[in-house]
Amino acid sequence: MARKDLLDIASLHREEIEFLLDQSTSFKQLFTQSVKKVPALEGKSVLMLFYEPSTRTHTSFEVAAKRLSAEVTNFDIAQSSITKGESVRETVETLQAMRTDYIVVRHGRSGLPGMIARLTKASVINAGDGAHAHPTQALLDAFTIKEKFPNPVGKKVLIIGDILHSRVARSTSTLLKKLGIDVAYLGPGSLVPKYGPENIRRFTNYEEAMAWAPDFVYLLRVQMERQDVQFFPSLREYHRLYGITNTRLEEIRQRGLYLMHPGPVNRGVELCDAVMDYERSLINNQVENGIAVRMAVLDWLTPGGEAPKSEPTFERSFAPLPHLTA
């Protein structure tokens, strides 16, 4: 069942997902019971290759690797030859010569981690590529949900926001469906794709979406940097129509719903300040669970195996995404 790389969720079997979630439970029990470090990856090296800025994902992977006793190297893009025109292929060939065991990569172009995986014997972990996939975010989201409902089949998750540009929405909805969880989308009509997987409801009205009676409300960050045109009048208007206002938070509290967000949070846009103090907000739980999940992924993958001969499976949540070649 071991794999060389983790590039997406769509290609994972349910048995692999369940295994990773079970392993995440074990790792979380370790570091919450004061066992801060285990020798699972002693002597191994993990390279952090982030072409896009990141705080939560980058730090989470680094902490996870160090808790497994791996050596961590942060590749400084700004100081590298990439700024002089070096191609990704040349960069990976250089890194391959350094005999790194794992490469954690984030890039703005969909499919690039898959290309890197075909060029190296190191295990490649996709930490987010364009609007395509973010597999470890999906795994930590599922892990967080299963902590509240060990058997989540039939539970409902309402994902609110910029579905169109969200790799989190793609990966998380794909994974939750594999676990038998119902998923629905809510957002402006311009940001809720008309085409996508079957059995995912689409709402553009908040009241109608809440009438669907979700168990979890998952708020996406509004990604202005991925929007080449303006998809809604203003951030203030977005918050009024789709954000968690103080009034909506009170309704959510009365219903006993759980709130989630992948971070970073745009306060006053996706949610009001009071959400951070809401007793059923799972946002901080997601951050903690990210370490456990990424420990499980690093421990599971097997470097040195045969690189994939084909492209990674693109999550079919929305319209086809651009394909990246070498």
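Residues numbered from 1 in each chain as written. Predicted model: local features only at pLDDT ≥ 70, side-chain atom pairs only at ≥ 80, totals over all residues. Heavy atoms only, no water.

**Student:** Even after reading the chapter, I still don't get the overall build of the protein chain, so can you show me in this structure?
**Tutor:** Looking only at helices and strands, one finds ten helices and nine strands in the protein chain. A fraction of 76% describes how many contacts in the protein chain between residues 6 or more apart in sequence connect residues 24 or more apart. For the protein chain, the accessible area works out to roughly 14200 Å², and carbon and sulfur atoms hold 48% of it. (Helix = DSSP H or I, 4+ residues; strand = E, 2+ residues; numbered from the N terminus. Contact = heavy atoms within 4.5 Å. Areas by Shrake-Rupley, 256 points an atom, 1.4 Å probe, with all protein chains shown as cover.)

**Student:** Where do I start with the sheet that holds strand β8 (residues 216–219) in this structure?
**Tutor:** Strands pair in a sheet through their backbones, by hydrogen bonds, and they do so in one of two ways: parallel or antiparallel. Sheet architecture is open: five strands sit in the order β7-β6-β5-β8-β9, paired in parallel fashion. Since the sheet does not close on itself, it has two edges, and those belong to β7 (201–203) and β9 (258–260), each with one partner. Taken over all neighbouring pairs, the strand axes of this sheet differ in orientation by 20° on average, direction set aside. Summarising the sheet, strand β5 (residues 156–160) and strand β6 (residues 182–186) pair through five bridges and their orientation is parallel. Bridge pairing links I159 to Y185 in β6. (Pairing = 2+ DSSP bridges. Axes fitted to C-alpha atoms, helices over the stretch in contact; angles between N-to-C directions.)

**Student:** For this particular structure, what's the right way to read unusual backbone geometry?
**Tutor:** Excluding glycine, residues mostly have negative phi values, and the peptide bonds linking residues are mostly trans. Residue P264 is reached from G263 by a cis peptide bond, and omega for that bond is -10°. As for its position among the elements, P264 is in the loop between β9 and α10 (283–300).

**Student:** I tried to follow the pairing of β5 on my own but got confused; where do I start?
**Tutor:** Side chains on a regular strand alternate between the two faces of the sheet. The buried count for β5 comes to four of five residues, which makes it a mostly enclosed element. One crossover worth recording links β5 to the parallel β6 by way of helix α6 (residues 167–178), and it is right-handed. Relative to β8, β5 runs parallel, the two sharing four bridges. Opposite I160, over in β8, you have L219 as the bridge partner. (Buried < 20%, exposed > 50% of the residue type's maximum accessible area, 1.4 Å probe, protein only. Right-handed = clockwise from strand over helix to strand, strands pointing away.)

**Student:** It is not clear to me how the packing of aromatic side chains should be interpreted in this structure. Could you clarify?
**Tutor:** Two numbers describe a pair of aromatic rings. These are the distance of the centres and the angle of the planes. One pass over the full model with this rule turns up five aromatic pairs. Taking 6.2 Å as the distance between ring centres and 90° as the angle between the ring planes, the aromatic pair formed by F149 and Y258 counts as edge-to-face. Of this pair, F149 sits in the loop between α5 (135–148) and β5 while Y258 sits in strand β9; the two residues are 109 residues apart in sequence, bridging distant segments of the chain. Using a relative accessible area of 21% as the deciding quantity, one classes F149 as partly exposed. Where F216 meets Y258, the ring centres are 5.2 Å apart and the plane angle is 25°; that geometry is what we call stacked. Here the residue F216 occupies a position in strand β8, and Y258 occupies one in strand β9, the gap between them amounting to 42 residues. (Phe/Tyr/Trp six-rings, centres within 6.5 Å; stacked < 30°, edge-to-face > 60°.)

**Student:** Looking at this structure, how should I read the pairing of strand β2 (residues 71–74)?
**Tutor:** As defined by bridge partners, strand β1 (residues 45–50) adjoins β2 across four bridges and the pair is classed as parallel. Within the sheet, the bridge partner assigned to L47 lies in β2 and is T73.

**Student:** Sorry if this is basic, but what is going on with the packing of α5 against α6 here?
**Tutor:** For any two helices packed against each other, one specifies the crossing angle of their axes together with the interaxial distance. Taken N-terminus to C-terminus, the directions of α5 and α6 make an angle of 50°; their axes are 8 Å apart at the nearest point. One finds that α5 runs oblique with respect to α6. Where α5 crosses over α6, the two elements pack in a sense that is right-handed. Contact residues: α5 offers P135, Q137, A138, L139, D141, A142 and I145, while α6 offers V168, S171, T172, L175 and L176. For the contact of α5 with α6, the residue count by class is eight nonpolar, three polar and one charged. (Parallel < 35°, antiparallel > 145°, perpendicular 65-115°, else oblique. Left-handed = near helix turned anticlockwise from the far one by under 90°. Nonpolar A, V, L, I, M, F, W, Y, C, P; charged D, E, K, R; others polar.)

**Student:** Which parts of the structure should I look at to understand the packing of helix α1 (residues 14–32) against α5?
**Tutor:** Axis separation between α1 and α5 bottoms out at 10 Å; the angle between their running directions is 70°. Here α5 runs roughly perpendicular to α1, going by the angle between their axes. Between α1 and α5 lies a crossing of right-handed hand. Of the residues in α5, those touching α1 at I17, E18, L20, L21, S24, T25 and K28 are L139, A142, F143, K146 and E147. Residues belonging to the contact of α1 with α5 are distributed by class as follows: six nonpolar, two polar and four charged.

**Student:** So what exactly am I meant to see when it comes to helix α2 (residues 56–67) here?
**Tutor:** In an α-helix, one full turn covers 3.6 residues, which means residues spaced three or four apart are oriented alike. Compared with an ideal rise of 1.5 Å per residue, which puts twelve residues at 16 Å, α2 spans 16 Å between its outermost C-alpha atoms and is within 8% of the ideal. Along α2, the positions that sit buried rather than exposed are T57, H58, S60, F61, E62, A64, A65 and R67. Trailing α2 by a residue or two, S69 shows a phi angle of about 75°, which is positive. (Expected span 1.5 Å × (residues − 1).)

**Student:** Would you explain the nonpolar core in this entry?
**Tutor:** Note that soluble globular proteins tend to have their nonpolar side chains buried in a common cluster. Counting residues in hydrophobic clusters, the biggest one holds 56 residues, and the most contacted among them are L139, I159 and L298. Take this core: its biggest share by element is eight residues, from α10. Every residue in contact with I159, bar those within four places of it in the chain, is listed here: A169, S173, V183, A184, Y185, L186, Y218 and L220. Judged by nonpolar contacts, the second largest core, of 26 residues, contains L186, M210, L219 and C272. (Core = buried A, V, L, I, M, F, W, Y, C linked by side-chain atoms within 4.5 Å.)

The values are spatial; any link to function lies outside them.
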